[in-house]
Structure formats: C-alpha cells, structure tokens
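Letter by letter, the chains look like this.
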Amino acid sequence: MKRVALAAALLALTLTAAGVASGAGKHHSASTKLTVWVGWSARELAAFKKLAAEYQKANPDVALNVVGSINDDKIVAAIRAGTAPDVVSSFNSYNVGVFCGTGGWIDLSSLMKQSGISTSMFPATTNYYTQYGGKKCALPLLADTYGLYYNKALFKKAGIAGPPKTIDELTADAKKLTIRNADGSLKQVGIDPFIGFYENVPERWILPWGGTYTDSAGKAHLATDSAWTKWLTWQKQMIDWYGYKNLVKFQAGLGDEFSASNAFEVGKVAMNLDGEWRVAFIKAEHPTLDYGTAPMPSATPSLYGSGYINGTIIGIPKNGKHTQQAWNFVNWVTTNTHALAEFSNAIKNVPSTTSSTHSTELVPDVHFATFLKIFANPKSGTSPIEASGQSYTNAVQNFATKWQAGQVKNLASGLATLDKQLDAQVAQAKGGGVP
C-alpha cells in the first residue's frame, strides 16, 4: 500500500553477502517452526494468516508463526542483530537495491532453478523491482497498481461524458469540476496534483509523460529528459491556477486518506490518482458512491492504458536456519495461482503472476478489472531500483515539493543539481557510506 518513510538506519546497512544457509535441502523434523514477518495488519493480516493456515494444513511438517505490522526498519535491525525471522515481507519494493546489494536478503536464483520457477512467470515490471545487481533476492507478493478514480455523479453535473485520456482533457476537466467559495477558496477540487497529497509522489505522476531517471550509463538525467520538465511545468501551472495557499488550506480540512472521510470518497475531490485497494475501501465505506476507474491520462497517446506498479515483496533473510522450508513457503505463496487469487480476492490487491491475473477464481468487479489491465500493460512502470534505496525517490520528491512551493527559481538548473545529488547518493551507497 502506501510507502512508509525509511529511517537512516536502512541506508547505513552494511551487511556482508550471504548464500543459502547450511540447512538448505536437508531433512527437517516434523513441525519445524517458521516465523514469517509481514507488513499487513487488521483485515489484511487476517487474510494472510488464513492463507498461511491453508499452506500449513497441506504441509503439516511446518508450523507457521505470522507476525504483522512489520516495517523495513524492523527488518533491517533484526538482520543486523542476527535475529531475523525465516521469511520477511516488505511493502517497499523501493528498497530492493539495499536488500539485494548488501546481501541482507539471500539470492533466490538457485532455489528458483531447483524448483523450476522462471522469471517469465512474472510481468517485466515486477521482475525489475525484485532484483538488483544480478541478484534475485525477492519475489512479488501481490502488487499495487495505480489509476484514475472519477466521480460519475460530479462528471454528469459538470457535463463531462467520461474519464479524460489526455493531459489536455485532464486539465480541462479538472477546471470544470473545481468549485470555489465566494472568497476564492476551494470548495471542491477537480484533481489535486499537489506532491504529498495522499498517493501523490513524482514516480507515479511522471509515468504518463514517459519520464525515465537514468541514461544508458546509469547516470541520472532528469535535466535532459524533457518529460520531467514538461510534467513539472504542468503540475506547477495547475497548482498556481488553484492557488498554492488555497490548496494547502483545502487539504488541511480533508479527512485522512485511509478513513471513511477520504476526500474522493466524500466528493471533495472529483478525480484522484490512487491504488486498486481503494475499490475495497469504497465498497466497505461508501457502497453507493457512483464512481468509475480508468488508466491515468497520458501526455503521449501510446502510453494510455499503462500505469504505475509497485507492490509487496517477500524473501529470505541471510543466516536463516530453515532456508529450504522457508523457500517452499515463499515459492507457494508467490507462484501458486489458487493462493494468489484467494489472497487477491480477500484484500483487493492485484495478483502478481501473469497467469493469476486470468484465474477463474478471481472475482473482480468492473472497478477492479481496470487495474488488472493496467498491471498487464507492458508499458506500465515502477520506481527506480538503486543502491541507495528509497532515499533516491525521496530526493526527487523533496525537489518537487520545493518546486511546487515556488522555492526553485530555475527549473533547468535545479534539475541539473538534482542529477548530481542522485548520482553522488548512489555512488556513496555502493561504497558503503551513508548518502
């Protein structure tokens, strides 16, 4: 779901590379206890525990202890202390570069080969964000796919026939759907492009413009990839049209993103960039809401239908005592079509193998089906996987936040400086330092 801020400890992780633990492949006695750490809580944790119980019933030689509400800081601390569990799962594909690059999560390649698991089972984007530096240290466990949510009732009232497909249409529709109070303040917003609002981060907004982060040599090139200038210019123009202070004031009065007072769910925002899980929230909190889902509008027609993807990842930390049995569980929960469909139905995340998106066990409604198509689109993309982990995208977000506030006077020179900062950050991370 929404990414979680990562403490500096993650960036200082200096773990030595580790292979498969010595217990791999050996016979284990009955009821070997495996501890599995996951990020889910509440309803989603209950669904995962149900899935784990199904696996345990079919594999009585294993006793699974599932622990929820785990974040990357806890995972890193446990690995460094030598107290990591048998299996770890993270919401942050952003940090695969750290987990693989330091050896904190073991390379699964030999185990995958042993079990006949091919990377071709997974779409290209999920393959990208589960590897780094030639190491496949994670596998995808469901995915988050982003698209456009739009309020059909508000569209009808504004005389708009359907969701926008181009950025020009998005701009025009957003302005039609915006309502101001007598004093000029905002009562209803067409779409909020403010970085930091709910799910708005640069890596999700840049994809409709086709922006990339690095050149063929791996050097940051945001200053020379025209997509970044075009997106940031559009975004600043939209914010200026609303009024920066107006947007800040408007947002201050909105409900929490993960509550029944969510701005889109209560009609304060007519269109919103959000993940597929919002379908489940709306069904539970506002089942009568008249809304639709669609891909995000695109600046380039050929990109329409694609979108941003990231997701939960799962792997095996170094120095595990039961690597083979840990792998058996990881293998099943990430490649078994039945398991993926069952879990997807339960928490409304996208199943993460190509075959599972077509499973007859899936029960997607028309809203959720949109995200299955976006996930399968070969032009969909994700965040850059770098040695510096999440700090890479955090740096880009920090720049965009200053830009939208009018604190960057020259966009070209600002992006050039950002490129140097990103390159230095990656170089320092590869050298074992703290970026």
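Definitions and limits used
- Residues numbered from 1 in each chain as written.
- Predicted model: local features only at pLDDT ≥ 70, side-chain atom pairs only at ≥ 80, totals over all residues.
- Heavy atoms only, no water.
- Phe/Tyr/Trp six-rings, centres within 6.5 Å; stacked < 30°, edge-to-face > 60°.
- Helix = DSSP H or I, 4+ residues; strand = E, 2+ residues; numbered from the N terminus.
- Buried < 20%, exposed > 50% of the residue type's maximum accessible area, 1.4 Å probe, protein only.
- Lys NZ or Arg CZ within 6 Å of the ring centre and 35° of its normal.
- Axes fitted to C-alpha atoms, helices over the stretch in contact; angles between N-to-C directions.
- Parallel < 35°, antiparallel > 145°, perpendicular 65-115°, else oblique.
- Contact = heavy atoms within 4.5 Å.
- Nonpolar A, V, L, I, M, F, W, Y, C, P; charged D, E, K, R; others polar.
- Pairing = 2+ DSSP bridges.
- pLDDT = per-residue confidence, 0-100.
- Disulfide = S-S within 2.5 Å.
- Left-handed = near helix turned anticlockwise from the far one by under 90°.
- Right-handed = clockwise from strand over helix to strand, strands pointing away.

Draft legend 1. Broad picture of the packing of aromatic side chains. All chains considered together, the criterion is met by 25 aromatic pairs. Between Y213 and W228, the aromatic rings sit 5.1 Å apart at their centres with planes inclined by 70 degrees, giving edge-to-face as the arrangement. Of this pair, Y213 sits in the loop between α9 (202-205) and α10 (226-242) while W228 sits in helix α10, and the two are 15 residues apart along the sequence. The residues Y213 and W228 share a single accessibility class, namely buried. Centroid distance F264 to Y291: 6.4 Å. Interplanar angle 85 degrees. Geometry classified as edge-to-face. Of this pair, F264 sits in the loop between α11 (244-252) and β8 (269-275) while Y291 sits in strand β9 (residues 291-294), and the two are 27 residues apart along the sequence. The pair F264 / Y291 is uniform in exposure class, with both members buried. Linked through ring pairs, W40, F48, Y55, F91, F329, W332 and F343 together constitute an aromatic cluster. In this structure, K348 is placed above the aromatic ring of F368, and the distance from its NZ or CZ to the ring centre is 5.6 Å.

Draft legend 2. Molecular detail of the packing of helix α8 (residues 167-176) against α10. Taken N-terminus to C-terminus, the directions of α8 and α10 make an angle of 10 degrees; their axes are 12 Å apart at the nearest point. In terms of orientation, α8 and α10 fall into the roughly parallel class. Judged by residue contacts, I167, L170, T171, A174 and K175 of α8 engage W234, M238, W241 and Y242 from α10. Among the residues making up the contact of α8 with α10, the classes are represented as 7 nonpolar, 1 polar and 1 charged.

Draft legend 3. Fine view of the pairing of strand β3 (residues 87-90). Burial of the side chains of β3 extends over both faces: V87 and S89 are buried on one face and V88 and S90 on the other. In terms of strand pairing, strand β1 (residues 32-37) meets β3 through 2 bridges, oriented parallel. Following the sheet pairing, W37 is matched in β3 by V88.

Draft legend 4. Examining the confidence of the model for the chain more closely. With 92% of its residues at a pLDDT of 70 or more, the chain has an overall mean of 92. Overall, residues 1-29 carries pLDDT values under 50, and its contacts beyond four positions in sequence, including any with other chains, amount to 76 contacts.

Draft legend 5. Region of the structure containing the state of the cysteines. Under the definition given, this model contains 1 disulfide. What pairs with C100 in a disulfide is C137, and their sulfur atoms sit 2.1 Å apart. An S-S torsion of about -90 degrees defines the bridge between C100 and C137 as left-handed. You can see C100 sitting in helix α4 (residues 96-102) and its partner C137 sitting in the loop between α6 (124-128) and β4 (139-140), a full 37 residues away along the chain. Assessed through its relative accessible area of 0%, C100 is described here as buried. Residue C137 is classed as buried on the basis of its relative accessible area, which comes to 1%.

Draft legend 6. Examining unusual backbone geometry more closely. Despite not being glycine, S69 has its phi angle at roughly 60 degrees, a positive value. When its relative accessible area of 42% is taken as the criterion, S69 is described as partly exposed. The backbone of Y198 shows a phi angle near 50 degrees, a positive value even though the residue is not glycine. By secondary structure assignment, the location of Y198 is in the loop between β7 (186-191) and α9.

Draft legend 7. Representation of the packing of helix α2 (residues 42-58) against helix α14 (residues 337-347). For the pair α2 and α14, the least separation of the axes is 9 Å and the interaxial angle reads 160 degrees. On the basis of their axis angle, the class for α2 and α14 is roughly antiparallel. Crossing hand, α2 versus α14: right-handed. Mapping the contact onto sequence places R43, E44, A47, F48, K50, L51 and E54 in α2 and H338, A339, E342, F343, A346 and I347 in α14. Taken together, the residues of the contact of α2 with α14 sort by class into 7 nonpolar, 1 polar and 5 charged.

Draft legend 8. Highlighting the pairing of β1. Taken together, the 6 bridges between β1 and strand β2 (residues 62-67) define a ladder with parallel strand orientation. Bridge pairing in β2 links V36 to V66. Running through α2, the crossover from β1 to the neighbouring parallel element β2 is right-handed.

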